[in-house]
Amino acid sequence: MITESLVYYAVAGDPTGRQAGALLAPPRPPRAVPRIPGVGEALAQARALLRRRVDEAHEAVEAVLAEAPGPFPDVPAAPEDRRALEDHAQALLHTYLDPFMAMVFNGEKSVRLPVSGKRLKKVSRRLHDALEGCAAAHRPVARLAEALADEHPGCRATTYERVSAALLVLAAWDASHRSPAKHLTESLLRSVERDGRIRLGLFVCPPVDFTRISGDRPELYVRDHLHGSVLSRLAGRLRELFRGLEDAQVEVDLRTLVGDTDEDDYLWYGVPAPAHLDRVALDARREALVSAVAEYLTEEVPSARGSRPRVFRGAALTVQRLSAMAPSTQCRDVYASVLADPFTHFDRRDIEAEMAIMRGLWEPGSYYEGLPEPDDATLADIVVRKFATYAMQGRLLRELEPDLVLVQTERPPLLRARMLSVGWDGTGRSPLPTVDFFEPEDG
């Protein structure tokens, strides 16, 4: 939600540095980011139609200029930028099409042109309508950009427009149905103002088959492909998000983290790793998975709209594995703090909820099938270490990129956000900015 700044009205000075009798103005009502399903596609369709109408107008104008009387300037090439294209369309109307029609429809002084008056009328009307449609499609972006400029002054006009487009796409996709929070908006503004693009983060669960853990080569429990993985079940809806951002012409830097430390961070503390687990071979499989994830995310697949990436298109993709990243002292301190006193950071109900979730992962056909099931006391210890791990990862995200917005793909999303935010900001004032794949749990 976009909230208004607090404004102090100065009256007279005092020794504290504030003005004596200063009044705190009541904040204006917060402005919510509207949820407009398909907003990215609507923007793309409006731009595409305008481009077709501009090309159509070029054809007619150039046919006239080949033989038209009177001095008319050469037609410049159509630009790619949407705003510049709109200005170009206006110029086509006022510099060429309107004067041409005035020449054709001029009573006894009318002039015959290579393009009929009927054709010129049609081209002019269609170009005008496409301009109006493009303006209408972008009106929510313009309104939100104006609000952002009022709320967060100091950025370039293009920054407000790009962030507004991003916020509209994110708000439409976010299953939490919450309007983007102030810290999320500020993260996007800083990122776009600095580099021209937003920064999104994505955790990927490594594909595993724990039924292989008791074999001769237990390291094979880490699979080397993503088909049938957790990511494969999320890919379709993730693609909707990134396609919407592409359609809205929002550039994205996507940082993907393969969460391959869960066993070492919490699972092996309650379910001991096989004594003959080849750590060198396991590390090699984890490293190979980095390339597999990158290829899977960007793989071109056929669709009704033509070839498209499975999830993400763009050069700004980084894939890293957590197991190759040494946690900082601050990250380790976060882990130790939660482990030492989990109920300072979390409610007992959080622990119980997570225990119920994890117990289900040992059911036949589920994630931990093939591993011995722990008793309640052992599972409770595993869960506390899991909470400590997520808090540490939240701290890691902040160290990697303070302006990163996490695409949260785990359930339950509210609990996961609390787990990560402990390490993101221990004060609780600036939780990790997220958009949620799943609808929030009750409470």
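Refer to the preceding data block for the structure.
Residues numbered from 1 in each chain as written. Predicted model: local features only at pLDDT ≥ 70, side-chain atom pairs only at ≥ 80, totals over all residues. Heavy atoms only, no water.

Examining the overall build of the protein chain
Per the secondary structure count, the protein chain includes 13 helices and 11 strands. Rg of the C-alpha trace for the protein chain: 28 Å, well past the compact-globule value of 22 Å for 443 residues, more than 25% over. C-alpha atoms of the protein chain, sized along the principal axes, occupy 100 × 70 × 35 Å. Here the protein chain, with 443 residues, has 47% of them falling under the buried criterion. Summarising the internal contacts of the protein chain: among those between residues at least 6 apart in sequence, 74% fall at separations of at least 24. Of the roughly 21,700 Å² of accessible surface on the protein chain, a fraction of 51% belongs to carbon and sulfur atoms. The averaged location of the 66 negative side-chain charges in the protein chain is 5 Å from the averaged location of its 56 positive side-chain charges. (Helix = DSSP H or I, 4+ residues; strand = E, 2+ residues; numbered from the N terminus. Rg over C-alpha atoms; globule rule 2.2 N^0.38 Å. Buried < 20%, exposed > 50% of the residue type's maximum accessible area, 1.4 Å probe, protein only. Contact = heavy atoms within 4.5 Å. Areas by Shrake-Rupley, 256 points an atom, 1.4 Å probe, with all protein chains shown as cover. Lys, Arg positive; Asp, Glu negative; His and termini not counted. Charge placed at Lys NZ, Arg CZ, Asp CG, Glu CD.)

What about helix H13 (residues 413-424)?
With 12 residues, H13 ought to run about 16 Å at 1.5 Å a step, and its terminal C-alpha atoms sit 16 Å apart, in line with that. Most of H13 sits inside the fold, with 10 of its 12 residues counted as buried. Of all the positions in H13, only Pro-413, Leu-414, Leu-415, Arg-416, Met-419, Leu-420, Ser-421, Val-422, Gly-423 and Trp-424 are classed as buried. (Expected span 1.5 Å × (residues − 1).)

Quick notes on the packing of helix H1 (residues 39-65) against helix H6 (residues 230-247)
H6 packs onto H1 with a crossing angle of 35° between their chain directions and a minimal axis gap of 7 Å. The hand of the H1/H6 crossing is left-handed. Residues Gly-40, Glu-41, Leu-43, Ala-44 and Arg-47 of H1 form the contact with H6, whose own contacting residues are Gly-244, Glu-246 and Asp-247. Here the contact of H1 with H6 is built from residues that sort into 2 nonpolar, 2 polar and 4 charged. (Axes fitted to C-alpha atoms, helices over the stretch in contact; angles between N-to-C directions. Left-handed = near helix turned anticlockwise from the far one by under 90°. Nonpolar A, V, L, I, M, F, W, Y, C, P; charged D, E, K, R; others polar.)

What is shown is where atoms sit, not what they do.
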